[in-house]
Amino acid sequence: MKYLVLLFFALLSREAMCTHNRAGEIIYTHISGFTYEIKIITCTKESSPADRPYLKIRWGDESSDVTEAELDSLTRVLEDTSVGFDTKRNEYVGTHTYSGTGTFTIRVEDPNRNANVLNINNGDLGTPQIDKTSVSVMTVFCIESVLVITAGNNGHNNSVRLLNPPKEQACVFQPWIHNPAAYDPDGDQLVYSLVPCKGSGGLDLETWESPIDYTDDASDLFTIDSQTGDVTWLYPLVAGEYNIAILIEEFRDGQFVGSVLRDMQITVINCNNNPPILQQIADLCVTAGENVSFNVSATDPNGNQISYFAYGGPLTEVENEAEWNTVEHSFSWTPQCEEIRLQPYLVTFEATDNASVPLTDIETVNITVVAPPVQNPDANAQGNQITLSWDVHPCYNIFSTSEAEDVTYKVYRRAGEYGFVPFPCELGVPGYTGYVFIGESQGLNNNTYVDTDLSYGGAYCYMVTTCWPDGAISYASHEFCDTIIKDVPVLTKVSVVATDLTAGIDSVQWSKPSEIDTLVFLPPYQYKLYHATGLNAPNQLVFTSDPFNSLGSGDTTFIHTNINTQSQGNNYKVEFISGSNTAVSSPASSVFLQLTPFDNSIELQMITDVPWTNYEYRIYRKGPGNIDFVLTDISFTNVYLDTALINNQLYCYKVLAVGSYYASDVQDPLYNWSQENCSSPYDMTPPCSPQLSVQHYCSEEYDELVWNNPNESCANDVQQYNIYYTPVEGQPMSLLATVTGAENTNYIFEGLGLPVSIAGCFTVTALDSLNLWPNGQYYQNESPFSDTICVDNCPIYFLPNIFSPNNDGSNDLFVPFEYRYIESVDFKVFNRWGNLVFETTDPALKWNGVPKGGTDICSDGVYFYVIEVNTIRLSGIVTEKFSGTIQLVDGKTPPNSN
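Parameters at a glance
Residues numbered from 1 in each chain as written. Predicted model: local features only at pLDDT ≥ 70, side-chain atom pairs only at ≥ 80, totals over all residues. Heavy atoms only, no water. Helix = DSSP H or I, 4+ residues; strand = E, 2+ residues; numbered from the N terminus. Rg over C-alpha atoms; globule rule 2.2 N^0.38 Å. Buried < 20%, exposed > 50% of the residue type's maximum accessible area, 1.4 Å probe, protein only. Contact = heavy atoms within 4.5 Å. Areas by Shrake-Rupley, 256 points an atom, 1.4 Å probe, with all protein chains shown as cover. Lys, Arg positive; Asp, Glu negative; His and termini not counted. Charge placed at Lys NZ, Arg CZ, Asp CG, Glu CD. Core = buried A, V, L, I, M, F, W, Y, C linked by side-chain atoms within 4.5 Å. Salt bridge = Lys/Arg side-chain N within 4 Å of Asp/Glu carboxyl O. Disulfide = S-S within 2.5 Å. Pairing = 2+ DSSP bridges. Axes fitted to C-alpha atoms, helices over the stretch in contact; angles between N-to-C directions. Phe/Tyr/Trp six-rings, centres within 6.5 Å; stacked < 30°, edge-to-face > 60°. Lys NZ or Arg CZ within 6 Å of the ring centre and 35° of its normal. pLDDT = per-residue confidence, 0-100. Patch = residues over 30% accessible without salt bridge, like charges linked within 9 Å, V, L, I, M, F, W, Y side chains within 5 Å.

A.B. asks: When you look at the overall build of the chain in this model, what are you seeing that I'm missing?
C.D. replies: Check the secondary structure of the chain and you find four helices and 62 strands. For the chain, the C-alpha radius of gyration of 42 Å lies well beyond 29 Å, the compact-globule estimate for 898 residues. Taken across its 898 residues, the chain has 48% of its residues classed as buried. Pairs at least 24 apart in sequence give 66% of the contacts found in the chain among residues at least 6 apart. Total accessible area on the chain stands at roughly 41,400 Å², and carbon and sulfur atoms take up 49% of it. Side chains of the chain give 40 positive and 109 negative charges; the mean places of these two sets differ by 6 Å.

A.B. asks: Would you mind going over the nonpolar core with me for this structure?
C.D. replies: One broad rule of soluble globular proteins: the nonpolar side chains tend to lie buried together. Phe331, Trp333, Ile340, Phe349, Ile386, Leu388 and Tyr462 are the most contacted members of the largest nonpolar core, which has 51 residues in total. The element best represented in this core is strand S24 (residues 345–353), accounting for four residues.

A.B. asks: I would appreciate a short explanation of the pattern of salt bridges in the present structure.
C.D. replies: Pairing between side chains becomes possible if they bear opposite charge and their charged atoms approach one another. Going through the model one piece at a time under the given rule, you end up with 25 salt bridges. For aspartate 826, the salt bridge goes to lysine 828, with nearest N and O atoms at 2.8 Å. The exposure class assigned to aspartate 826 is partly exposed, which follows from its relative accessible area of 26%. Residue lysine 828 is joined to glutamate 839 by a salt bridge in which the shortest nitrogen-to-oxygen separation is 3.9 Å. Note that lysine 828 is positioned in strand S59 (residues 822–830) and glutamate 839 in strand S60 (residues 836–840), a separation of 11 residues in sequence. We classify glutamate 839 as partly exposed; its relative accessible area is 33%.

A.B. asks: Please explain the state of the cysteines as it appears in this structure.
C.D. replies: In a disulfide, the sulfur atoms of two cysteines are covalently bonded to one another. Inspection of every chain in the model, using the stated rule, returns eight disulfides. For cysteine 652, the disulfide goes to cysteine 678, at an S-S distance of 1.9 Å. Looking down the S-S bond of the cysteine 652 and cysteine 678 bridge, the torsion is 105 degrees, so its handedness is right-handed. Residue cysteine 652 is found in strand S46 (residues 651–660), and its partner cysteine 678 is found in strand S48 (residues 677–679); the two are separated by 26 residues along the sequence. Looking at cysteine 652, the relative accessible area reads 10%, which means it is buried. Taking the relative accessible area as the measure of exposure, cysteine 678 reaches 37% and is therefore partly exposed. A sulfur-sulfur distance of 2.0 Å marks the disulfide that ties cysteine 761 to cysteine 790. Between cysteine 761 and cysteine 790 the disulfide shows an S-S torsion of about 105 degrees. By sign, it is right-handed. Separated by 29 residues along the polypeptide, cysteine 761 in strand S54 (residues 760–768) and cysteine 790 in strand S57 (residues 789–791) bring together distant segments of the chain. A relative accessible area of 2% places cysteine 761 in the buried class. By relative accessible area, which is 28% here, cysteine 790 ends up partly exposed.

A.B. asks: Just checking my understanding: could you explain the sheet that holds strand S28 (residues 408–415) for this structure?
C.D. replies: Hydrogen bonding along the main chain pairs the strands of a sheet, whether they run parallel or antiparallel. Strand order in the open sheet formed by four strands is S29-S28-S31-S32, with antiparallel pairing between adjacent strands. Of all the strands in the sheet, the pair left with one neighbour each is strand S29 (436–442) and strand S32 (480–483). With strand direction ignored, the average angle separating the axes of adjacent strands in the sheet is 30 degrees. In the sheet, strand S31 (residues 459–467) pairs with S32 via four bridges, with the strands oriented antiparallel. Bridged to cysteine 461 within S32 is cysteine 481.

A.B. asks: Explanation requested: the packing of aromatic side chains in the structure shown.
C.D. replies: Two numbers describe a pair of aromatic rings. These are the distance of the centres and the angle of the planes. Within this structure, the stated rule accounts for 44 aromatic pairs. What links up through ring pairs into an aromatic cluster is the set Trp510, Phe521, Tyr525, Tyr527, Phe543, Phe548, Phe558 and Phe576. Between the NZ or CZ atom of arginine 341 and the centre of the ring of tyrosine 345, over which it lies, the distance is 4.0 Å. We note lysine 573 situated over the ring of tyrosine 530; from NZ or CZ to the ring centre the distance is 5.5 Å.

A.B. asks: What am I meant to see in unusual backbone geometry here?
C.D. replies: Cis geometry is found at the peptide bond from leucine 234 to tyrosine 235, where omega equals 0 degrees. Of note, the bond from proline 523 into proline 524 is cis; its omega dihedral lies within 30 degrees of zero at 5 degrees. Inspection of the secondary structure puts proline 524 in the loop between strand S34 (504–511) and strand S35 (526–533). The phi torsion at aspartate 253 lies on the positive side, around 55 degrees, for a residue other than glycine. The residue lysine 846 is not glycine, and still its phi comes out positive at about 55 degrees. You can see lysine 846 is positioned in the loop between S60 and strand S61 (861–873).

A.B. asks: What is the right way to look at the sheet that holds strand S26 (residues 378–382) in this model?
C.D. replies: The strand order across the open sheet built from three strands is S26-S27-S30, with neighbouring strands paired in antiparallel fashion. The two strands at the open ends of the sheet, each matched to only one other strand, are S26 and strand S30 (448–451). Geometrically, the sheet is characterised by an average inter-axis angle of 20 degrees between neighbouring strands, direction not taken into account. Pairing of S26 with strand S27 (residues 385–389), which is carried by five bridges, proceeds in the antiparallel orientation. For asparagine 380, the partnering residue across the bridge sits in S27 and is threonine 387.

A.B. asks: How should I be thinking about the confidence of the model for the chain in this particular structure?
C.D. replies: Any region with low pLDDT has predicted coordinates that should not be read closely. Residues at a pLDDT of 70 or more form 95% of the chain, whose mean pLDDT is 90. In this model residues 1–18 is a low-confidence stretch, pLDDT under 50, and it forms 15 contacts with partners more than four residues away in sequence or in other chains. This model gives residues 123–132 a pLDDT under 50, and the stretch forms 11 contacts once residues within four places in sequence are excluded.

A.B. asks: Is there a simple way to explain a nonpolar patch on the surface in this structure?
C.D. replies: Where nonpolar side chains cluster on the molecular surface, the patch consists of Tyr418, Phe423 and Tyr432 and spans about 350 Å² of accessible area. Mapped onto the elements, tyrosine 432 comes out in the loop between S28 and S29. Under the relative-accessibility criterion, tyrosine 432 is labelled partly exposed at 47%.

A.B. asks: Got a minute to help me understand the environment of tyrosine 865 in this structure?
C.D. replies: Considering the arrangement of structural elements, one finds tyrosine 865 in strand S61. Overall, the relative accessible area of 8% leaves tyrosine 865 in the buried class. With 361 residues separating them in the primary sequence, tyrosine 865 and glycine 504 have C-alpha atoms 91 Å apart. Among residues more than four places away in sequence, those in contact with tyrosine 865 are Leu799, Phe827, Lys828, Val829, Phe882, Ser883, Gly884, Thr885 and Ile886.

The following block contains the structure:
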C-alpha cells in the first residue's frame, strides 16, 4: 500500500510540470461552401516547462467512437510572450470542410489547467491525501464553440472575435471589470452569460464553483451585462487565481446561429490600490458619412498615472476604421455606407493605472451607424393618385445584385404636414407624427411608389425610409406633399333624411369638377348618379341630369326616395360625362348606425366609407319618456359606448357625422345624418371570474375551496357560484355543487362515492341575478371558469406481519392497518410449498386463516403474500405492487370473517 501511495505522488509531480492552461477560446471564419477556418487561441503559463506545439481538435462532425489518437491536430502558428502576467498567447489554425448543414460543436481539450485555481477545488477525487488547491492540476482544460450551418445564402456564420485579451489582475476588496470586446462580422445580435467552466467531454466541471460561491459572502457579487458583456466583480475577497467562463451567443432574426466560450483566469492579489474611474460615455448614433469624435477621461483615487486603451470592431474589423489617439485618448470615426447595420458596434475603453498591481476601469459604448435618408423625394398628383419618387439610396454601390433586391423603401403618409425633425437615434417614422405605413417598394432600384388610395382633398404628405437586408432602418426623408386636384366631381353629402324599410330617404350632393381640363372635356355635360346597398360598389343608375354647357350649372343634388335606410346603409358615386369622356368621383356612403346592447349600456358603431375625413360624431339620444332627440355627447371615433342606462328600457339614437376635405373650394364642414335606430340594454355581460384557492387536508380526507367575492372588485350583481369537478385530471368537468349567496365563498369537499376520494380538479364560476332578455326569457350570466386547481390523494396501505385466528376477539382476522384512498386490491396468500391458500379483491382482506375451499384454520407457520393495491390518484387508478410474509400463530376455532 505504501508503494501505491508513493507511485501516486510521483505521477502527481509529473503532471504538475505540465500545468499551464490559463485561458482560451475558439473562433471560426467561413471561407466558401462548407469550408471554415478554425483558430484556437490559448493563454498559457509562460514559466511552465509544459508546451503544446500542436493541439487535438474535434470538428464536431466526427463519429461518436473516434478516439483521441484519431483526432486531427492543429499546428501552432503564433507564440506571443509580450502579454505579461506570466502569460504566453498561442494561436493554432486549420481548415475543415463539413459535409452539409447542421449544428457542430468544435471542441479542444488539453489535459491540465494550472495549479491552485481556488474555485476549481470542491470535487471528490477519491484522494483525500491531496490538498484541494491541487484539484485544478488534474482538471482538463476545455474550450468550445458552436457552428450552425443552415440552408440558403444566409446559412453560414462567422463567429465573434474577442478583441480584448483575457489578461486580468484584481486587488482584494476592489472592484474588477472586464469586457471581451466581442465583434461579430455578420452583425448578429449577441447575448452574454456566465456559465460553468468545462472539462473532459465538454461537460460542466463538477469541481468548479462561482468565485462568489467560493468566498460564500453575501457582499460578494459577480455579474455580467447580457447586452454589453461587461463582467463585474464587487468585490474579490480572497487572494488567489480564479477561472470563469463567458458564453457569447449569436442570434440572427431571432434564431440561434452560433456561440463562442471564453475560459479565462483572474489573479486576485493583496494590494493597496484603487482602480481608476472612467467618465461615463453615452451610447450614440452616427450617420454614415458623418464624423463622431470624443475624448475619454478618467481620474485615479491614488494619483497614479493612467494609460488608456480601446478595443472594438470600429478600430480593427471594419473597412473604414476609427482612429484612437493613445496620447490624447481621443476617439474619432467617420463610418461609411459599408458600416451600416442593425446591431450597434461596441467599443470598450480601458483606463489602467501604473501601480505595482495595475487596476482597470472600463466603459463600453454602443455606436449605431445609421443610413442617411433618401434624397430628392417628390410627390406628383395625377387624377386620383399620387406618384412618389426619390433618388436611389446613396449607398447603392455597396450591395451585390442579390443584396440590392432585399433592400426596401417603406412609405408613410398623413393628411397635412407635421414638421418632423428626428432626434438623434430616432430612426424611421415614429407613430406620434400621425404618419401611417401605407406600403413599400422592394429592391434598391425600385425608387417609386404610386398611392392610389386617395380622394380629392387637402395635401397628402409622405416620408420614406430605407430598410437594409439585416433590418437596419435609415433616418426618414424630409416630408414631401401634393394635393389631388379637383378634376372629378366630388361627393359632399350622403345624409339620411327619413328612416324606413321601404320609404326611406337619402339626400345626396356633390361638387363640380372645377379643375377639369376643359380642352378635353367639352360641353355639353351631364351628371349620372349610381347607387348600391351597404358598402357595395355603386352600379345602379338612379339619376341623370339634364345636359348643361358650363361647369357652374347643372344639378348637383338628388333626393333618393323609397329606399331602405333602416337596416342598411347606401353607397353612391357620380359621373361627369362629356361625350365619350367620363370623370368619376370616389364613392361615399351614408352613416349606418349599428347598436349593440350590453348591461346598462349600448355600443354605437358608425359604419361609413367616405372620401373625406369625419372628425367627430355628435350623438343624439331619445330615452324613455323623451319626445325629442337630445344631443348627449360627441365622439371623436366611430365607436361610442353610452353608459348609465336602465336595462330593458328603449333608447333611440341618431348621429350627425361632421367631416371635411380640408380644401378651399368645397363646403366645410360636411354634415351627414345617420338613420335612427333603437335598442334596449340588458344584462348579457357575465361577471368576472372568481379567484380560487384550494386547501388540501389529505390525511383528514377533505378539501376546502375558497374564492373571492367578485362583487367586491369587478362585478355588482353576483348571486351564486357553480363548482365544477373532475376526479381525473384532463377529463371533462361536471357540476359538483351550487353555492347561493355572493358572500358564501367557501366549500368543503369530502369526496364522492365509496371508497372516498378527495383527489381531482376544481374550478368555480360566478352567476349574476336573473335578468330579462329581449326574447322575453330570464337568464343568468355565468362567468368564465376560474383557474383550475388540482389536488391528489395520499394513499396509505400497510399490512401487519402476524395474526392469531383463535377467536379470542383480538387479531382474529388478517386485515390491513387503517387505510385510505384504495379502490381495490388483488391479494394472494401462499404456503411454503407455493400453493394458493387465500385470495380477495376486498381492500379490507378479512382473512380468517381458513384456506381457500377449506373449513379448518391453516396450521401455524409463515405464509407468503403478494398484493396489487389499486390506489385512487389524480391521474386515475394507479397500481402498486409489494409482497411480504404473514406469521399465523395460535390458530384454533375459525373466527367469523364478517
